[in-house]
Amino acid sequence: MVSAIELRGAAPAVRESAWVRGLLIGTSVIFLGAFLLAPLAVVFAVALGKGLAAYAASFRDADTLSAIRLTLLAAAIAVPANLVFGVAAAWCIGKFEFFGKSFLIALIDLPFSVSPVVAGLAYVLLFGAHGALGPWLTDHNVRVIFAVPGILLVTIFVTVPFIARELLPLISAQGNDEEEAALTLGASGWQTFLKVTLPNVKWALLYGVILCNARAMGEFGAVSVVSGHIRGLTNTMPLQIEVLYNDYQFVPAFTVASLLALLALATLVIKSIVEWKAGKVGSQPT
Amino acid sequence: MSITVRNVSKRFGTLSALDRIDLEIPQGRLVALLGPSGSGKTTLLRIIAGLEIPDGGVVRFDGEDIADRTARERRVGFVFQHYALFRHMTVFENIAFGLRVRSRRTRPSAQQIRARVGELLDLIQLQNQAGRYPSQLSGGQRQRVALARALAVEPSVMLLDEPFGALDAKVRMELRRWLRQLHDEVGVTSVFVTHDQDEALEVADQVAVMNAGRIEQVGTPDEVYSRPASSFVYNFLGNVNLFHGRIDNGTPHIHREATGHLVFVRPHALEIARHPQGANYFRATTKHINAAGPLVKVEAITEWGAPVHVEMAQERFRDLGLHNGEEVFITPRDLAVFANEQRAG
């Protein structure tokens, strides 16, 4: 009875008149259309503007193919690296109390708050020819800046927070009970991790991996600083788009851009599926 | 397996959770650690399990110091207040977990595991729920699965942390009787933590009453209830009326002013009459009468203005024909006196 009365009492407060609702929904639709959908549509319109043949021809360019390969390589290394680091960091921060914990969390968030260009510059100052480690690296014939290793390093740097940040709230909310139960039942630390902790966070983990991958492939600023824009060698897809665009090669530029746009759309779809799956699991009383 | 706790202390920061605890738990007993929250009972249980490391003192299993054995090696069955079932595993997989994680050398065959889990499902009467997930079970069912999971590894000791704390009253009652039966069948040394005195008194062979990191009294339920060793135990176990008192010629009396002693009287040990009885009576005015249930509960105000609770049988109540606002005489039949260490606790 009480809840029925409360419901009836609460209803008018959330029921707006028709024109208010129309206005609010209309504003949202126009805003999203102008700022999100129109640019996305333009990317595909220009890419396919001269027909499918021209679209396909853009992929025959050796520099473009090399850029795609480099982007895939960067993601293939940055994502697993952050997977290991993110799980380890979230586990130790979420499950244990120790001195300097909030400092560590702040450190993980650093790539979010630092401009990617600054991050790139920092790596140049560290590993560049005139940087702190530059002379030593030159002596040992290792090139980091204006080469592939630099691109990998900054890609890892800008994607550090994604997986750790995604896992951390879940791992700390789940507490230690299940792990302690596994321990008293005779499971080793590794068995506990594989059979108890990991299955409980698998959806958040997948979600983090997707976001991390999207960022790794799409990163421009930091990579731009360390790459040196050497065509066919150190250009990633976002850099290649800029190079092509500056050469007035609009169809190839937008063709590569359409690939990144497709990646973004695929990421969104997978993300929604994962959220839906995770929501189904999460909504069950535990 | 018997458990011996000697001189065990544990601090969390500035808080002393356990202060030089001694406890003896004989083989095959069911012992309750009873106390209010923050009394250290769960900490003691977790130290026995190896989930917490004591700052000082010794825990022995069958006389052997187990300080260097991890929780994994102690072979204890631990049951958590919030079940701690593996949420992504079915009931069957939950119960089988402890057998499946054994090293290849000691792991039973798949067939043996199925047989063992089947037995345990029979024991907890959840044969038809083997394929369900914890989230699809009721609280009582979940706790039974947690018990079965702990029993699956044939632990030498069962440790239960507020096992029924998260359940509603009726399921609690059923489950604690079931636990007692189960203990009588399985016979494994068990320790359970509770803040519910009824639960401790009904289920346990022995009750250890804890307060502020110390053990106040250890005894059978009858001993701790009928012969409390301290005012805390008297207060904590069951309802009680608190009076000031003094001792004249060796007999305690209720006194209206603060004295050196506290007198405790259980509500059923107070006699209401229309006329003075004996020498130790006082006047009171009835204020509220609750006649629902097997006992009639009368709340009255004493002549010095303090509330007093009296319980009597329905029959006695009818004989008296009591109403609200009547003046009566109350005589304690049985009272306990303690030195006033904590002022009017």
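As the structure is a prediction and not an experimental result, all values here were calculated from the model.

Re the overall build of chain A
At step 1: Within chain A, the regular secondary structure consists of 14 helices and 0 strands.
At step 2: Listing each helix as α and each strand as β along chain A from the N terminus yields α-α-α-α-α-α-α-α-α-α-α-α-α-α.
At step 3: The C-alpha atoms of chain A give a radius of gyration of 24 Å, which is well past the 19 Å a tight globule of 286 residues would have.
At step 4: In terms of its C-alpha atoms, chain A occupies a principal-axis envelope of roughly 75 × 60 × 30 Å.
At step 5: Burial analysis of chain A (286 residues in total) assigns 34% to the buried set.

Quick word on the domain arrangement of chain A
Where interface size is given, it is often the accessible area lost as the parts come together that is meant.
All names here are of chain A.
At step 1: According to the domain assignment, chain A contains domain 1 (1-47) and domain 2 (59-278).
At step 2: For domain 1 versus domain 2, the separation of C-alpha centres amounts to 34 Å.
At step 3: Between domain 1 and domain 2, the contact holds 5 residues from the first and 7 residues from the second.
At step 4: Grouping the amino acids of the side of domain 1 that touches domain 2 by side-chain chemistry returns 5 nonpolar, no polar and no charged.

Section: the environment of B:Leu18
Residue and element names in this part refer to chain B.
At step 1: On the secondary structure map, Leu18 appears in strand E2 (residues 15-25).
At step 2: Judged by the 27 C-beta atoms lying within 10 Å of it, Leu18 is buried.
At step 3: Sequence spacing of Leu18 and Val203 is 185 residues, and the spatial spacing of their C-alpha atoms is 24 Å.
At step 4: Among residues more than four places away in sequence, those in contact with Leu18 are Val8, Ser9, Lys10, Gly40, Thr43, Leu44 and Gly213.

A closer look at the interface of chain A and chain B
At step 1: The interface of chain A with chain B comprises 16 residues on the first partner and 20 residues on the second.
At step 2: Elements represented by at least two residues in the side of chain A that touches chain B include exactly helix H9 (177-184) and helix H10 (189-200) of chain A.
At step 3: Among the elements that make up the side of chain A that touches chain B, the one with the highest residue count is H9(A) (6 residues).
At step 4: Its residues placed into classes, the side of chain A that touches chain B shows 7 nonpolar, 6 polar and 3 charged.

With respect to unusual backbone geometry
All names here are of chain B.
At step 1: Residues other than glycine seldom take positive phi values, yet Asn7 does so here, at roughly 60°.
At step 2: As for its position among the elements, Asn7 is in strand E1 (residues 3-12).
At step 3: Non-glycine residue Tyr83 carries a positive phi angle of around 70°.
At step 4: Mapped onto the elements, Tyr83 comes out in the loop between strand E6 (76-79) and helix H2 (91-100).

Re the confidence of the model for chain A
Residue and element names in this part refer to chain A.
At step 1: Residues with a pLDDT of 70 or more make up 92% of chain A, whose mean pLDDT is 86.
At step 2: Long-range and interchain partners of residues 1-10, a stretch whose pLDDT sits below 50, account for 0 contacts in this model, where long-range means more than four residues apart.
At step 3: The model gives residues 282-286 a pLDDT under 50, and that stretch makes 5 contacts with residues more than four places away or in other chains.

Points about the nonpolar core
At step 1: Counting 99 residues, the largest nonpolar core has B:Ala32, B:Leu159 and B:Ala208 as the members making the most contacts within it.
At step 2: Broken down by element, this core gets its largest block of residues, 7 residues, from helix H4 (residues 139-152) of chain B.
At step 3: Those residues within four positions of B:Ala208 in sequence are excluded, and the remaining contacts are B:Leu23, B:Val31, B:Ala32, B:Leu33, B:Leu34, B:Ile215 and B:Val218.
At step 4: Listed in part, the 55 residues of the second largest apolar core include A:Ala78, A:Ile163, A:Val225 and A:Val256.

Rules used in this analysis
Residues numbered from 1 in each chain as written. Chains lettered and ligands numbered in written order. Predicted model: local features only at pLDDT ≥ 70, side-chain atom pairs only at ≥ 80, totals over all residues. Helix = DSSP H or I, 4+ residues; strand = E, 2+ residues; numbered from the N terminus. Rg over C-alpha atoms; globule rule 2.2 N^0.38 Å. Buried ≥ 20, exposed ≤ 12 C-beta atoms within 10 Å, placed from the backbone. Domains from an automatic or database assignment. Contact = placed C-beta atoms within 7 Å. Nonpolar A, V, L, I, M, F, W, Y, C, P; charged D, E, K, R; others polar. pLDDT = per-residue confidence, 0-100. Core = buried A, V, L, I, M, F, W, Y, C linked by C-beta atoms within 7 Å.

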